[in-house]
Amino acid sequence: MPSYTAPTRDMQFILHDVLNVSEQDTPGYAELDREFTSAVLGEAGKISSEVLSPLNPVGDSEGCVLENGVVRTPKGFKAAFDQVREGGWTALDLPEEYGGQNMPYVLGTAVGEMFSGANQAFTMYQGLTHGAASAILVHGSDQQKETYLPKMFSCEWTGTMNLTEPHCGTDLGLMRTKAEPQDDGSYLLTGQKIFISSGEHDMADNIVHLVLAKIPGGPEGIKGVSLFIVPKFIVKDDGSLGDRNGVTCGKIEEKMGIHGNSTCVMNYDGATGWLLGEEHKGMRAMFTMMNEARIGVGMQGLAQAEVAYQNALAYAKDRLQGRAVTGTENPDGPADPLIVHPDIRRSLMDQKSFIEGARAFMLWGAELIDRSHRGEDAAAEGLISLMTPVIKGFITDEGYDMTVLAQQVYGGHGYIEEWGMSQFTRDARIAMIYEGANGVQALDLVGRKLAQDSGKHVMAFFEMIKTFLKENEGDEALKKDFLDPLKAASKDLQASAMFFMQNGMKNPNAALAGSYDFMHLFGHVCLGLMWARMAKASHAALEAGTTDEAFYKTKLATGRFYMKRRLPATALHLARIESGAEPVMELDAEAF
Ligand SMILES: Cc1cc2nc3c(=O)[nH]c(=O)nc-3n(C[C@H](O)[C@H](O)[C@H](O)COP(=O)(O)OP(=O)(O)OC[C@H]3O[C@@H](n4cnc5c(N)ncnc54)[C@H](O)[C@@H]3O)c2cc1C
């Protein structure tokens with residue numbers, strides 16, 4: 001069976017050597033010294049590998065079962081959920097006022113990667129609750145906050161997000177669920193939502209659904225959508241649970257992966273709901289949840305790549321097949337281990353260099369969120385808004401590819417369920433689809449985010465890279481291996497942005513035909529920047545006489561691999577983008 005070991009050392013390196021968190025002036029960061037983060041990450045790592053990881057294959061093979069309207073989660077899930085809850089892990093980075101621990105989001109993100117890597121399906125129950133609670137925190141009335149947040153922070157009540165309907169997923173303006181106003185200020189919701197993650201289960205006393213619906217008579221399309229709080233059990237004035245609300249789970253979906261998470265058809269038959277935020281401004285309120293969820297989904301891509309890589313690496317060192325072409329390396333055995341073969345090395349290096357770069361990118365993104373929320377830094381907010389579709393789309397696409405590479409290291413055994421490798425690939429696949437399919441992330445990036453605030457944020461991104469290159473141009477140790485490749489890749493990114501500016505207005509298809517390539521090009525540049533920053537930090541540690549020389553030297557070699565072998569992908573993406581709309585759109589639909 002596969003195992004999971006939390007990548008605590010690597011996280012500590014990123015937090016302290018690269019991001020220098022405890023030296024930042026973001027509120028709450030001064031407490032993040034090495035000892036503190038080591039203690040938190042150490043404990044989270046223990047739960048991940050000892051409690052959540054062993055339940056991962058159980059969740060996969062047992063799945064969830066719907067019986068008499070109640071969903072039974074896999075054996076052991078409830079006890080583990082209680083343990084996570086009692087350990088205070090569910091509201092690590094949420095405000096103290098409602099029972100959270102008020103730690104920075106960057107630390108919550110590192111812990112989230114561990115939990116997701118150990119058991120993605122399980123972690124989704126608390127992840128969705130976190131998102132729903134955040135939306136109530138930002139958009140709820142004082143009474144709504146007091147009613148729901150303490151129980152949601154502790155995950156005694158869990159949360160969901162209900163957008164998708166049978167006929168609409170991306171195009172939510174087509175939504176049919178309706179919410180009719182009642183004299184007492186509440187609404188009655190009627191309609192059907194599908195694919196609702198954690199929609200019904202047996203691990204919490206109440207489930208708080210956030211539901212998008214249209215109030216009759218409102219504006220057409222997406223502008224007429226409002227957001228409602230619809231609890232499974234109505235909450236009485238004294239906070240105790242009252243009547244069962246008119247919301248039920250009609251079915252749970254059979255699906256490719258994340259079997260331990262219940263994906264539910266939710267039927268709203270005159271269910272009582274309360275408006276969250278303003279009428280017809282539902283998408284705005286839901287976006288609080290969706291932006292957070294998109295970052296969280298990007299993290300799932302990274303987390304599945306990490307756990308798959310860990311197991312592939314162990315297998316590559318253990319499995320004996322063939323002899324090294326340069327001479328026997330295991331003379332006492334019948335063959336050499338897989339890891340001697342250059343093609344297996346290529347695969348492992350692809351995985352390792354992506355994972356470590358993506359982890360730095362995720363934690364940098366989380367740091368920007370802290371700067372924007374805690375430090376009210378508008379530039380950080382603009383940057384993370386620009387990069388959110390890149391984090392979601394690029395990391396989940398690449399993360400999935402890495403699980404396939406890891407599976408391939410096992411040969412046929414990777415395809416056989418007994419070894420557990422197929423679960424990582426199956427679980428990782430959904431991250432490319434939900435929270436806005438990756439094609440839609442690319443559309444958001446090119447169609448909206450690039451031009452947002454007259455292109456201010458993308459210009460700031462380019463400026464940031466330019467400044468980094470300039471500040472370090474005299475550093476000979478960095479120049480050839482890190483700065484030059486980063487400069488070339490960022491030129492490709494600028495050229496593609498220029499292409500969109502010059503051609504996008506004349507022919508929108510020219511921009512959209514290249515949007516997916518742009519998202520990946522952008523992702524590579526972000527990882528290139530991260531590797532350059534990590535290389536700089538590694539050189540500094542080596543020069544300072546670190547006692548952990550092997551770690552920093554390995555880091556530098558891994559970074560050089562990324563810069564040489566993966567970053568040049570930007571040139572291919574640029575060539576595709578500059579080919580414009582024609583090769584993509586030339587055929588009539590009938591010609592396919
Ligand atoms: C396991 C699972 C869990 C889920 N959990 C939730 C949940 O908790 N809550 C919830 O509300 N939903 C959930 N979803 C739904 C999920 O978010 C949607 O499936 C997803 O957003 C895509 O919507 P769709 O399936 O209707 O595809 P469609 O919208 O029909 O899109 C089909 C394809 O066309 C592409 N496409 C669509 N429009 C455009 C366009 N304008 N330009 C270019 N390409 C386009 C999309 O990228 C996609 O590849 C879940 C789905 C699954 C499978």
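Residues numbered from 1 in each chain as written. Predicted model: local features only at pLDDT ≥ 70, side-chain atom pairs only at ≥ 80, totals over all residues. Heavy atoms only, no water.

**Let's talk about helix H11 (residues 438-449)**
Within the sequence span of H11, burial applies to Asn 438, Gln 441, Ala 442, Asp 444, Leu 445, Val 446 and Lys 449. Considering only its buried residues, H11 is in contact with helix H7 (282-318), helix H9 (378-409), helix H12 (452-471), helix H13 (476-503), helix H14 (508-513) and helix H15 (515-543). (Buried < 20%, exposed > 50% of the residue type's maximum accessible area, 1.4 Å probe, protein only. Helix = DSSP H or I, 4+ residues; strand = E, 2+ residues; numbered from the N terminus. Contact = heavy atoms within 4.5 Å.)

**Section: the side chain of Asp 60**
Following the sequence through the fold, Asp 60 ends up in helix H2 (residues 34-62). Accessibility expressed as a relative area gives 14% for Asp 60, which makes it buried. In this structure, Asp 60 is in contact with His 259, Glu 417, Gln 423 and Arg 426, ignoring residues within four places of it in sequence.

**Observations regarding the packing of aromatic side chains**
Each aromatic ring pair is described using two quantities: the centre-to-centre distance and the angle formed by the ring planes. The final tally for this structure, using the stated rule, is 19 aromatic pairs. Taking the centre distance of 5.2 Å and the plane angle of 85° together, the rings of Phe 551 and Tyr 552 count as edge-to-face. Using a relative accessible area of 18% as the deciding quantity, one classes Phe 551 as buried. Within the aromatic cluster, the residues linked to one another by ring pairs are Phe 461, Phe 462, Phe 499, Phe 500, Phe 518 and Phe 522. Between the NZ or CZ atom of Arg 9 and the centre of the ring of Phe 551, over which it lies, the distance is 3.9 Å. The ring of Tyr 400 has Arg 429 lying over it, and the distance from NZ or CZ to the ring centre is 5.7 Å. (Phe/Tyr/Trp six-rings, centres within 6.5 Å; stacked < 30°, edge-to-face > 60°. Lys NZ or Arg CZ within 6 Å of the ring centre and 35° of its normal.)

**Some remarks on the UniProt feature "domain: Acetyl-CoA dehydrogenase-like C-terminal" (unreviewed entry) in the protein**
As annotated by UniProt and renumbered to match this structure, "domain: Acetyl-CoA dehydrogenase-like C-terminal" (unreviewed entry) occupies residues 461-588. Across residues 461-588, helical content stands at 83% and strand content at 0%; the span's end C-alpha atoms are separated by 38 Å. (UniProt positions renumbered as here; feature names shortened; annotations may be inferred.)

**Side note on the layout of surface pockets**
If you add up the space inside the second largest pocket, you get close to 1200 Å³. Along the wall of the second largest pocket there are 38 residues; nearest its centre are Thr 288, Asn 291, Ser 372, His 373 and Glu 381. Listing elements by their share of the lining of the second largest pocket, those giving two or more residues are helix H5 (120-139), H7, helix H8 (342-373), H9, H11 and H12. Across the lining of the second largest pocket, the residue classes tally to 13 nonpolar, 13 polar and twelve charged. Three or more residues apiece are contributed to the lining of the second largest pocket by two domains, here domain 1 (8-138) and domain 3 (452-583). (1 Å grid on protein atoms, 1.4 Å probe; cavity = no way out; pocket = protein on both sides within 12 Å on 5 of 7 lines; lining within 4 Å. Points joined across faces, edges and corners; volume = space filled by probe spheres on them. Nonpolar A, V, L, I, M, F, W, Y, C, P; charged D, E, K, R; others polar. Domains from an automatic or database assignment.)

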